[in-house]
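Report on the structure
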Amino acid sequence: QVQLVESGGGLVQAGGSLRLSCAASGRTFSRYAMGWFRQAPGKEREFVAAISSSGYNTYYADSVKGRFTISRDNAKNTVYLQMNSLKPEDTAVYYCAARSTMVIATTRDEYGYWGQGTQVTVSS
């Protein structure tokens, strides 16, 4: 019901910033809670941030609190992840995910739709 395409990844120096975008297709985007996950080589995919369908509620992993901000623009069918004060340990493939409910979720099994991922590399 929804297709997701991430963009905005790249190579940055520690302390720098990136903004990831996730463009969604589908007329029901405004009804979907959205999330960002990341996966480093050889590691399990981990939760990063989530936002409710309205954008009113957000939740962050402890590792990114105060540095990352998730937001959405339902008129543009897009969710964003503003990443500031990047650290080498933030290096990973970042995935956008959607679930067909309005409520925030933090586990990967609760999301039914996934983008292809975008690489973020932070140099030390």
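Nothing here was measured: the structure is a model prediction, and the numbers come from that model. Residue positions are given per chain, counting from 1 as you read along its sequence in written order. At least 70 in pLDDT is required for a residue's local features to be given in this predicted model, at least 80 for side-chain atom pairs to be given and counted, and no such filter applies to totals for whole chains, interfaces and linings, which use all residues. Calculated side-chain values reflect all of the structure's heavy atoms, with hydrogen atoms and water omitted.

**What about the environment of Gln39?**
Stated formally: Secondary structure elements are taken from DSSP: a helix is a run of H or I of four residues or more, a strand is a run of E of two residues or more, and numbering for both begins at the N terminus. Working rule for contacts: check all heavy atoms of both residues, and any pair within 4.5 Å makes them a contact.
Topologically, Gln39 is positioned in strand β4 (residues 33-39). Separated by 28 residues in sequence, Gln39 and Leu11 place their C-alpha atoms 16 Å apart. The contact partners of Gln39, leaving out residues within four places of it in the chain, are Glu44, Arg45, Ala92, Val93 and Tyr95.

**Notes on the pairing of strand β9 (residues 92-99)**
The test is simple: Buried residues are those whose accessible area, probed at 1.4 Å on protein chains only, stays under 20% of the maximum for their type, while exposed residues exceed 50% and partly exposed ones sit between those limits. We call two strands paired when DSSP finds no fewer than two bridges between them.
Counting buried positions over the eight residues of β9 gives seven, a clear majority of the element. Across three bridges, β9 lies against strand β11 (residues 118-123) in antiparallel orientation. In the strand pairing of β11, Ala92 is matched with Val120.

**Considerations on the sheet that holds strand β3 (residues 18-25)**
Applicable threshold: Every angle, taken between N-to-C directions, lies between 0 and 180 degrees, and every axis is a line fitted to C-alpha atoms, over only the stretch in contact when it is a helix.
Here four strands make up an open sheet; going across it, the order is β1-β3-β8-β7 and the pairing antiparallel. At either end of the open sheet lies a strand with only one pairing partner, and these are β1 (3-7) and β7 (68-73). Sheet twist, expressed as the mean angle between neighbouring strand axes with direction ignored, is 15°. Pairing of β1 with β3 involves five bridges; the strand directions are antiparallel. Considered in β3, the bridge of Gln3 is made with Ser25.

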